Structure formats: structure tokens, C-alpha cells
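Close look at the chain arrangement
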Amino acid sequence: MPDHPASREPELLTITEAAELLRAPVATLRYWRHLGTGPRSFRLGRRVLYRHDDLKAWVEAQLGPSATG
């Protein structure tokens with residue numbers, strides 16, 4: 001049975017949606033973006049967007065080697 005498009009998470013998230021997913025304030029994501037240390041993001045017109053896969057990969061990278069072993 002194929003996945004229903006409505007049940008899947010969106011591929012592109014706004015900064016507000018990304019902040020909710022990461023449970024961090026929007027201001028923190030803006031600061032991380034300014035420093036270049038946060039999850040990968042890009043601009044599309046005036047909007048800053050995040051790919052869901054990039055957010056997941058960034059969270060996994062934050063766990064570091066001590067969490068995996």
C-alpha cells in the first residue's frame with residue numbers, strides 16, 4: 001500500500017516549522033544560521049527553508065561519537 005501524501009512530513013520546512021521540530025526558538029535558528037553552525041538551510045525568494053533530511057542529519061551529527069558507542 002503506497003504512502004498517502006497527506007500523511008508524509010513535508011520535505012521543505014519554514015524556519016518556524018524547523019524550530020518546532022528541533023524544539024528550539026526561532027531566534028536560535030536564526031543565530032545558528034548567522035554563525036554557520038546550525039542545520040543546513042537555504043533561501044528561496046525571501047523565505048529561509050530547511051530540508052527535513054538535513055535537519056535529521058544535523059541532529060544525528062550533534063549526538064557525536066560518544067552517543068553511538
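Since the structure is predicted, the reported quantities are computational estimates derived from the model, not experimental observations.

Turning our attention to the sheet that holds strand β3 (residues 47-51). Pairing is antiparallel in the open sheet, where 3 strands are placed in the order β1-β3-β2. A single partner strand is all that each edge strand has here, and the edge strands are β1 (12-14) and β2 (42-44). Mean inter-strand twist for the sheet, computed between neighbouring axes without regard to direction, equals 50°. Running at roughly 95° to β1, helix α1 (residues 15-22) makes contact with β1 and β3 of the sheet.

On to a nonpolar patch on the surface, then. Taken together, the side chains of L12, F42 and L44 make up a nonpolar region of the molecular surface, amounting to roughly 250 Å² of accessible area. Tracing the backbone shows L12 in strand β1.

The rules we used
Residues numbered from 1 in each chain as written. Predicted model: local features only at pLDDT ≥ 70, side-chain atom pairs only at ≥ 80, totals over all residues. Heavy atoms only, no water. Pairing = 2+ DSSP bridges. Helix = DSSP H or I, 4+ residues; strand = E, 2+ residues; numbered from the N terminus. Axes fitted to C-alpha atoms, helices over the stretch in contact; angles between N-to-C directions. Contact = heavy atoms within 4.5 Å. Patch = residues over 30% accessible without salt bridge, like charges linked within 9 Å, V, L, I, M, F, W, Y side chains within 5 Å. Areas by Shrake-Rupley, 256 points an atom, 1.4 Å probe, with all protein chains shown as cover. Salt bridge = Lys/Arg side-chain N within 4 Å of Asp/Glu carboxyl O.

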